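# A closer look at the structure
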There are 2 protein chains.
Amino acid sequence: MTRQRRVILETLRSMPTHPSAEEVYEVVRRELPRISLGTVYRNLETLSELGKIQKLELGGTLKRFDWNTCKHYHIRCINCDRVDDAPVNVMADVEISLDDTTGYRITGHRLEFLGLCPDCLEKAIGRRTLSSHHVAEPPDSAERPDDAPVSKASNF
Amino acid sequence: MTRQRRVILETLRSMPTHPSAEEVYEVVRRELPRISLGTVYRNLETLSELGKIQKLELGGTLKRFDWNTCKHYHIRCINCDRVDDAPVNVMADVEISLDDTTGYRITGHRLEFLGLCPDCLEKAIGRRTLSSHHVAEPPDSAERPDDAPVSKASNF
DNA sequence: CTAACTGCAAAAGCTTTGCTTTTCA
DNA sequence: TGAAAAGCAAAGCTTTTGCAGTTAG
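First, a word on what this report is: a plain description of the structure on this page. Quantities reported herein were computed from a predicted structural model and do not represent experimental measurements.

Glancing now at the protein's contact with DNA strand C. Among the 15 residues in the neighbourhood of DNA strand C, the closest are listed as T2, R34 and T39 of chain A together with Y41 and K63 of chain B. Atoms of DNA strand C within 4 Å of the protein belong to the sugar or the phosphate in 77% of instances, the rest to bases. Between DNA strand C and R34 of chain A, the relevant distance is 2.8 Å, taken from a phosphate oxygen to a side-chain nitrogen or oxygen of the residue. Note that a phosphate oxygen of DNA strand C is positioned 3.2 Å from one of the backbone N or O atoms of S36 of chain A. Those elements that place two or more of their residues in the surface near DNA strand C are α1 (3-14) and α3 (37-49) of chain A together with α3 (37-49) of chain B. Here the element with the most residues in the surface near DNA strand C is α3 of chain A; it accounts for three residues.

Quick look at the structure:
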């Protein structure tokens, strides 16, 4: 447990957001100006393996880190990429039936909610319009697309 | 709708897997040897915006693509990264309560199951051991880690 | 003392983008 | 013929890695 590792852990625990490695680096640097980004990456990885923090693989391009190692879900803004905890109970039984039907041995699941955070929502209402090209979810249609191949009907 | 775009769409629709852009490229190249990877990326993006295919942002580093545009869930092997459809009904009501409690306007959710695919499961059983450093999920403990900060108790 | 770790810089992996030429409608 | 798209290559962004020097226990 080096000084660098300790500061990284304490820094993450002080952050209410779910920061990326770069964001942790920016804050840690205030205390350890000579630390390198590589060290931050290595230690976040190590701390995650030690079970002291949690590495989050949500949508978007960046990996994020969470001092809270308990299982819980997240909610991410499709406009500004902010991430908050989702106050939803963890589903305990959702994995059970999958073992038999798929042949997989299920070990976990990840649930992420998407939406507009309060700030972006307010701005969107103010402007009465919001570009839609940020939305990551597929169209809401439950029917087969007009030109989808008939021979490969979906099970869903 | 250029020849390239048409071939890319048909190729994706012929693939039972959930290929990355690179994998689509490899197959498309058999028909259009002079196509460039950039064109594949651009067209997969365009087709996704047109709602003709779905871009998947699952865990792992690669983005994947799915000809099936209906909402459904996926199951990913933590060992070999293979992705299959998860035969689970889409949860219609899970987003409802979040609007009020979080201030977010929820627009969707993403659920991904993790586990060992049948092939990797068999190999693991054969070897009676499997390295655990591929597992992406946090430890199963529901209790507070021994040295977690008491002042920041989790809600979960 | 030595195994683990740091800082630095280079490289790797995936994706996007600028630019010129080609193609589609 | 003009707008959209292709091909090619370079750049971008995030993350990992090699190495020589440093530190913790």
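Residue and element names in this part refer to chain A. Axis separation between α1 and helix α2 (residues 21-31) bottoms out at 10 Å; the angle between their running directions is 120°. Overall, the two elements α1 and α2 adopt an arrangement that is oblique. As for how α1 packs across α2, the hand of that crossing is right-handed. Of the residues in α2, those touching α1 at R3, V7, I8, T11 and L12 are V24, V27, V28 and E31. Of the residues belonging to the contact of α1 with α2, the class tally is six nonpolar, one polar and two charged.

What follows deals with the pairing of strand β5 (residues 105-116) of chain B. Extensive coverage of β5 of chain B is indicated by the burial of ten of its twelve residues. Here eleven bridges tie strand β5 (residues 105-116) of chain A to β5 of chain B, and the two strands are oriented antiparallel to one another. Within the sheet, the bridge partner assigned to R110 of chain A lies in β5 of chain B and is E112 of chain B.

To continue, consider the protein's contact with DNA strand D. Taken together, 16 residues surround DNA strand D, and among them Y41 and K63 of chain A together with T2, R34 and N43 of chain B come closest. Those atoms of DNA strand D that come within 4 Å of the protein belong to sugar or phosphate at a rate of 76%. Between K63 of chain A and DNA strand D, the recorded distance is 2.8 Å, taken from a backbone N or O atom to a phosphate oxygen. Mapped by element, the contributors of at least two residues to the surface near DNA strand D are α3 of chain A together with α1 (3-14) and α3 of chain B. Across the surface near DNA strand D, the residue classes break down as five nonpolar, six polar and five charged.

Glancing now at the environment of I8 of chain B. All names here are of chain B. Counting through the fold element by element, I8 comes out in helix α1. Taking C-alpha positions, I8 is 7.1 Å from V40, a pair spaced 32 residues apart along the chain. With residues near it in sequence (within four places) discarded, I8 still touches V24, V28, I35, T39, V40, N43, L44 and L47.

Take the pattern of salt bridges next. Per the counting criterion, the structure on display carries 16 salt bridges over all chains. For the salt bridge of R64 of chain A with D81 of chain A, the shortest nitrogen-to-oxygen distance reads 3.1 Å. Taken together, the residues span a long stretch of sequence, with R64 of chain A in strand β2 (residues 64-66) and D81 of chain A in the loop between β3 (73-77) and β4 (83-86) at a distance of 17 residues. Classification of R64 of chain A as buried rests on a relative accessible area of 9%. Exposure remark for D81 of chain A: the relative accessible area of 22% places this residue in the partly exposed category. Each of the salt bridges in this network shares a partner with another, and the network as a whole consists of R64, R76, D81 and E112 of chain A together with R110 of chain B.

This brings us to the environment of N68 of chain A. Residues and elements named next belong to chain A. Its location among the elements puts N68 in the loop between β2 and β3. When its relative accessible area of 4% is taken as the criterion, N68 is described as buried. Through-space distance from the C-alpha of N68 to that of K123 is 30 Å; in sequence the pair is 55 residues apart. A polar atom in the side chain of N68 sits 2.9 Å from the backbone nitrogen of C70.

Our focus in this paragraph is the sheet that holds strand β3 (residues 73-77) of chain B. Pairing within the open sheet is mixed, and its six strands lie in the order β4(A)-β3(A)-β5(A)-β5(B)-β3(B)-β4(B). Whereas interior strands pair on both sides, the edge strands pair on one side only; in this sheet they are β4 of chain A together with β4 (83-86) of chain B. Put simply, the sheet's adjacent strands are angled 30° from each other on average, direction ignored. As defined by bridge partners, β3 of chain A adjoins β5 of chain A across four bridges and the pair is classed as parallel. By the bridge assignment for β5 of chain A, R76 of chain A is matched with L114 of chain A. Helix-sheet contacts for helix α5 (residues 118-127) of chain B involve β5 of chain A together with β3 and β5 of chain B, and the interaxial angle to β5 of chain B is about 35°.

Basis of the calculations
- Residues numbered from 1 in each chain as written.
- Chains lettered and ligands numbered in written order.
- Predicted model: local features only at pLDDT ≥ 70, side-chain atom pairs only at ≥ 80, totals over all residues.
- Heavy atoms only, no water.
- Near = heavy atom within 4 Å.
- Polar contact = N/O pair within 3.5 Å; in protein donor to acceptor, adjacent residues only side chain to side chain.
- Helix = DSSP H or I, 4+ residues; strand = E, 2+ residues; numbered from the N terminus.
- Axes fitted to C-alpha atoms, helices over the stretch in contact; angles between N-to-C directions.
- Parallel < 35°, antiparallel > 145°, perpendicular 65-115°, else oblique.
- Left-handed = near helix turned anticlockwise from the far one by under 90°.
- Contact = heavy atoms within 4.5 Å.
- Nonpolar A, V, L, I, M, F, W, Y, C, P; charged D, E, K, R; others polar.
- Buried < 20%, exposed > 50% of the residue type's maximum accessible area, 1.4 Å probe, protein only.
- Pairing = 2+ DSSP bridges.
- Salt bridge = Lys/Arg side-chain N within 4 Å of Asp/Glu carboxyl O.

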